[in-house]
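# Descriptive analysis of the structure
Below are the chains, spelled out letter by letter.
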Amino acid sequence: MRAVVLNCTLKPSPETSSTEALARVVLAELEKGGAAVDLVRLVDLNIKPGVESDMGEGDDWPDVREKILAANILIVATPTWLGQQSSVCMRALERMDALIGETDDSGRPLAFGKVAGVVITGNEDGAHHIVGTVSQALIDIGFTVPGHSWTYWHLGPGVGPDYVETDKGHDYSDRVGRNAARNLLALASVLTPETFPVPESGD
């Protein structure tokens, strides 16, 4: 079992990322369940704009794409800015758009048989909106999003401390995150591309 976590923070390494801190709660539970996990901080890479799998020289997305395709589980972890997912998160979703038209030998989209979840942090409101928006995009791409496969932490509405600056709300967010990891592992253990029918000719 393999999982990849895309940390869509706007903060480059080695800055402390609240999004990564909460994602690591989910990551630890995935590892406890036997998964090998890759954590990728996308802002450290050159992810070019576009909707193709490879946007040419200097584009680091192809390596990220390979990690996604090698994994059974994808987790998109994003901060909240202006009530929305980060621009880095949107860039990743736009690049994954190419997977819609890329199929295996049977004609199934490459994301079929893979499960996905969402992690969100922010000191403002907007988490449920982001769960809905990101999950919808992942479903369009072909991922299966199980029930209760997300967690979030925020103190909204209004500004305040970050996840790493206070213990407030951690009990709920961490508990929901561990449950999300277990749900993702459970479905990933039984879901395969072959679970889905082969598209009929012309469909």
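Going by the structure above, here's the rest.
Small disclaimer: the values here were computed from a predicted structure and weren't measured.

## Re the nonpolar core
Across soluble globular proteins, you tend to see nonpolar side chains buried next to one another. In terms of nonpolar packing, the biggest core is built from 31 residues, with Leu-6, Leu-42, Ile-68, Leu-74, Met-96, Leu-138 and Phe-143 touching the most fellow members. Of all elements in the fold, only β1 (2-7), α2 (61-70), β3 (73-81), α3 (87-96), β5 (115-122) and α4 (127-141) reach the threshold of two or more residues within this core. Considering every element that reaches this core, the biggest residue donor is α4, with seven residues. Apart from residues lying up to four places away in sequence, Leu-138 is in contact with Leu-74, Val-76, Leu-93, Met-96, Ala-116, Gly-117, Val-118, Phe-143 and Val-145. Ala-23, Leu-30, Val-115 and Ala-188 belong to the second-largest nonpolar core, a separate cluster that totals 22 residues.

## Describing α2
Along α2, the positions that sit buried rather than exposed are Trp-61, Pro-62, Val-64, Arg-65 and Ile-68. All buried residues of α2 fall inside an arc of 155° around its axis, so they share one side.

## Structural notes on helix α5 (residues 170-188)
Compared with the 27 Å implied by 1.5 Å per residue over 19 residues, the 26 Å span of α5 between its first and last C-alpha is a close match. Where α5 is concerned, the buried positions are His-170, Ser-173, Asp-174, Val-176, Gly-177, Ala-180, Ala-181, Leu-184, Leu-185 and Ala-188. Contacts made by the buried residues of α5 are with α1 (18-32), β3, β5 and β6 (150-154).

## Topic: the pattern of salt bridges
Throughout the structure, instances matching the rule amount to eight salt bridges. Between Glu-20 and Arg-41 there is a salt bridge, and its shortest N-O distance comes to 3.1 Å. Here Arg-41 lies in strand β2 (residues 36-41) and Glu-20 lies in helix α1, a separation of 21 residues in the sequence. Taken as a pair, Glu-20 and Arg-41 share a single burial class, namely buried.

## Here's the deal with the packing of aromatic side chains
Aromatic ring pairs: the centre-centre distance and the angle between the two ring planes describe each pair. Enumeration over the complete set of coordinates arrives at four aromatic pairs. Ring geometry for Phe-112 against Phe-196: centres 4.5 Å apart, planes inclined by 40°, an arrangement best described as tilted. Of this pair, Phe-112 sits in the loop between α3 and β5 while Phe-196 sits in the segment after α5; the two residues are 84 residues apart in sequence, bridging distant segments of the chain. On the basis of an interplanar angle of 65° and a centroid distance of 6.3 Å, the ring pair of Tyr-152 and Tyr-172 is categorised as edge-to-face. Of this pair, Tyr-152 sits in strand β6 while Tyr-172 sits in helix α5, and the two are 20 residues apart along the sequence.

## Focus on the side chain of Glu-29
Counting through the fold element by element, Glu-29 comes out in helix α1. Apart from the residues lying within four places of it in its own chain, the contact partners of Glu-29 are Arg-178, Ala-181, Arg-182 and Leu-185.

## Describing the environment of Phe-143
Counting through the fold element by element, Phe-143 comes out in the loop between α4 and β6. Along the primary structure Phe-143 and Pro-157 are separated by 14 residues, whereas in three dimensions their C-alpha atoms are 31 Å apart. Apart from the residues within four sequence positions on either side, Phe-143 is in contact with Ile-68, Leu-74, Met-96, Ala-111, Lys-114, Val-115, Ala-116 and Leu-138.

## Structural notes on unusual backbone geometry
With an omega of 5°, the peptide bond between Ser-13 and Pro-14 qualifies as cis. Assignment of secondary structure puts Pro-14 in the loop between β1 and α1. For Leu-82, which is not a glycine, the phi torsion comes out positive at approximately 55°. Even without being a glycine, His-148 presents a positive backbone phi close to 55°. Within the secondary structure, His-148 is located in the loop between α4 and β6. By relative accessible area, which is 56% here, His-148 ends up exposed.

## Things to note about a negative patch on the surface
Among the surface-exposed residues, Glu-52, Glu-94, Asp-97 and Asp-140 lie close enough to one another that they form a single negatively charged patch. Along the polypeptide, Asp-140 turns up in helix α4.

## Considerations on the packing of α1 against α5
Direction vectors running N to C along α1 and α5 enclose 40°, while the axes themselves pass 8 Å from each other. The angle between the axes of α1 and α5 places the two elements in the oblique class. Two packed elements cross with a definite hand, and for α1 against α5 that hand is right-handed. Each of Leu-22, Val-25, Val-26, Glu-29 and Leu-30 in α1 lies in contact with α5, whose residues at this interface are Ser-173, Asp-174, Gly-177, Arg-178, Ala-181, Arg-182 and Leu-185. Here the residues of the contact of α1 with α5 are counted per class, giving six nonpolar, two polar and four charged.

What counts, and at which threshold
Residues numbered from 1 in each chain as written. Predicted model: local features only at pLDDT ≥ 70, side-chain atom pairs only at ≥ 80, totals over all residues. Heavy atoms only, no water. Core = buried A, V, L, I, M, F, W, Y, C linked by side-chain atoms within 4.5 Å. Buried < 20%, exposed > 50% of the residue type's maximum accessible area, 1.4 Å probe, protein only. Helix = DSSP H or I, 4+ residues; strand = E, 2+ residues; numbered from the N terminus. Contact = heavy atoms within 4.5 Å. Arc of directions from axis to C-beta. Expected span 1.5 Å × (residues − 1). Salt bridge = Lys/Arg side-chain N within 4 Å of Asp/Glu carboxyl O. Phe/Tyr/Trp six-rings, centres within 6.5 Å; stacked < 30°, edge-to-face > 60°. Patch = residues over 30% accessible without salt bridge, like charges linked within 9 Å, V, L, I, M, F, W, Y side chains within 5 Å. Areas by Shrake-Rupley, 256 points an atom, 1.4 Å probe, with all protein chains shown as cover. Lys, Arg positive; Asp, Glu negative; His and termini not counted. Charge placed at Lys NZ, Arg CZ, Asp CG, Glu CD. Axes fitted to C-alpha atoms, helices over the stretch in contact; angles between N-to-C directions. Parallel < 35°, antiparallel > 145°, perpendicular 65-115°, else oblique. Left-handed = near helix turned anticlockwise from the far one by under 90°. Nonpolar A, V, L, I, M, F, W, Y, C, P; charged D, E, K, R; others polar.

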